[in-house]
Amino acid sequence: MSDSSVISSPSENNPRSDNDLVYPTNTEENDLKDSYPAFSEFEAAFKQYQRDTFQTFVVRRSESLGKTHPKADTLKYKKIEYECVHHKDYEKKGQGERIFTHSRKQKCPAIVKVAASIREATVRITKKEVGHNHPLTEERWKGLPENRRLSTTEADKVVSMQKSFVPTKAIQREMAKQTGKAVTSKDIINIRTKHDKVERGGRTEEEMVNHILNEIRRKDAGVFIDIVVSDAQKVTNITIITSEMQKNFNENYSLAFLDGTYKLNVENYCLYAVVVQDRHGHGRPVALGFMSSEKAAHVDAFFNAFKACHKT
Ligand SMILES: [Zn+2]
């Protein structure tokens, strides 16, 4: 039976007979046992079983044993029920799940129910009905967001590559190869967005910049800070000239030179440093300028800020 014949089956609105259901194959080696000594062991086995048989279950409802229960650590749930991911109407969930556009309400009946047996101190499978009203193929399984999702360790790898400026497409290919997951470029970008938000403690970039500049002002009352914001509300220039830098310039002003430009950080901002030589031949910084690009206008803005600081 082909994929499409099941999806477009005219019996969509009629109760299906048991004959229509698709059961997992190749389960002999990795089939679930009747019981497990701990919930964590059941969970690991259940994960492996789903991977091997191309089934995807999600939690429908659960009832925990409660923190004070003597078996709470090992058995965890009084009961927990899983339903096939195709039980729900996937059309409403939006992009990335287009594979189910034609399926409308799938209402797959497959379920697995698990309950703690306090007397036996085990996690028991109390119901296992794994007949599905859709094909169980590797392709479908891999395309589901539930199965594409990268682990925390894998996501950390992504962020580390992103911080080294590896292009998104290359990261996507590498992670797909390493994990065997059908991860998309959009998934890769979303990992970064989520990571940055966590790293900034939920603050916007502007709030972060202000926070850091206020820290500098607090530590150095004489600091000169100039910020230029574009019409599009993007920070194009930040010039910082500390009291120490002002002193360096006033004492050695004859030998100023531009030390160089560095593409330093994730946003690709350049850092310019104006440096003077003291009488011992040592370089001393007299100004730092971050700019969003090396455009003449941005470099001009930096030097204008420098002049403004030393006007008096
Ligand atoms: Zn199903």
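Details of the structure are given in the entry above.
Here the residue numbers are simple positions, counted from 1 along each chain's written sequence. Residue-level local features of this predicted model are given only where pLDDT is at least 70; pairs of side-chain atoms are given and counted only at 80 or more, and the full residue set underlies all totals for whole chains, interfaces and linings. With hydrogens and water stripped out, all remaining heavy atoms of the structure feed into the side-chain values.

Digging into the pairing of strand β3 (residues 77-84)
Consideration 1: Summarising burial for β3: six of the eight residues are buried, a large majority.
Consideration 2: The sheet contact formed by strand β2 (residues 57-64) and β3 spans seven bridges and is antiparallel. The partner of Ser64 across the bridge, within β3, is Tyr77.
Consideration 3: Strands were regarded as paired on the criterion that DSSP finds at least two bridges between them. Under the scheme used here, helices are H or I runs from DSSP no shorter than 4 residues and strands are E runs no shorter than 2 residues, and both carry numbers assigned from the N terminus. Judged from the five bridges that link them, β3 and strand β4 (residues 111-117) form a sheet pairing that is antiparallel. Each bridged residue has a counterpart across the sheet, and for Lys79 the counterpart in β4 is Ala115. Here's how the labels work: a residue is buried when its accessible area is under 20% of the maximum for its type, exposed when over 50%, partly exposed in between, all with a 1.4 Å probe on protein chains only.

A short note on empty space enclosed by the protein
Consideration 1: In this analysis, the protein atoms alone were mapped onto a 1 Å grid. Cavities are point sets where a 1.4 Å probe fits without being able to get out; pockets are open sets with protein on both sides within 12 Å along at least five of seven lines; lining residues have an atom within 4 Å of a point. Grid points are joined across faces, edges and corners, and a volume is the space filled by probe spheres set on the points. Scanning the model with the defined rule gives two cavities of 30 Å³ or more in all.
Consideration 2: In this model, the largest cavity occupies a volume close to 60 Å³.
Consideration 3: The wall of the largest cavity is formed by 13 residues, among which Phe54, Thr56, His86, His134 and Leu144 lie closest to the centre.
Consideration 4: Residue polarity is assigned by list, with Asp, Glu, Lys and Arg as charged and Ala, Val, Leu, Ile, Met, Phe, Trp, Tyr, Cys and Pro as nonpolar; anything else, Gly included, falls into the polar class. Here the lining of the largest cavity is built from residues that sort into seven nonpolar, five polar and one charged.

Structural notes on the nonpolar core
Consideration 1: Residues enter a nonpolar core if they are buried and are Ala, Val, Leu, Ile, Met, Phe, Trp, Tyr or Cys, with the set joined through side-chain atoms within 4.5 Å. By size, the foremost hydrophobic cluster in this structure holds 21 residues, and its most contacted members are Phe42, Phe46, Phe57, Tyr82, Val112 and Val114.
Consideration 2: Mapped by element, the contributors of at least two residues to this core are α2 (39-53), β3, β4 and β5 (122-129).

A word on the packing of helix α6 (residues 152-163) against helix α7 (residues 168-179)
Consideration 1: One way to put it is that α6 packs onto α7 with a least axis distance of 11 Å and a crossing angle of 155 degrees. As the angle between them shows, α6 and α7 are arranged roughly antiparallel. Both α6 and α7 take part in a crossing whose hand is right-handed. The residues of α7 that touch α6, namely those facing Glu154, Lys157, Val158, Met161 and Gln162, are Ile171, Glu174, Met175, Gln178 and Thr179.
Consideration 2: Split by residue class, the contact of α6 with α7 holds four nonpolar, three polar and three charged. Between the N-to-C directions of two axes lies an angle of 0 to 180 degrees, each axis being a line fitted to C-alpha atoms and, for a helix, fitted only over the stretch in contact. Note on terminology: angles under 35 degrees are roughly parallel, angles over 145 are roughly antiparallel, angles of 65 to 115 are roughly perpendicular, and the others are oblique. The sense of a crossing depends on the near helix, which, turned anticlockwise from the far helix by less than a right angle, makes the crossing left-handed and, turned clockwise, makes it right-handed. In what follows, a contact means two residues having at least one pair of non-hydrogen atoms within 4.5 Å.

Some details on the coordination of the zinc ion
Consideration 1: Here a donor is any nitrogen, oxygen or sulfur atom (N, O, S) within 2.8 Å of the metal, with 3.2 Å used for Na, K and Ca; water is not among the atoms considered, so some sites may look incomplete. Protein ligation of the zinc ion involves Cys84 (SG), Cys108 (SG), His132 (ND1) and His134 (NE2), the donor distances falling in the range 2.0 to 2.2 Å.
Consideration 2: For the zinc ion, the four donor atoms are set out with angles of 105 to 115 degrees between them, so the coordination reads as tetrahedral.
Consideration 3: Given a relative accessible area of 0%, Cys108 falls into the buried group. Angular criteria define each label, namely tetrahedral for four donors with all angles between 85 and 135 degrees, square planar for four and octahedral for six donors with opposite donors over 155 degrees apart and remaining angles between 65 and 115, and irregular for whatever fails these tests.

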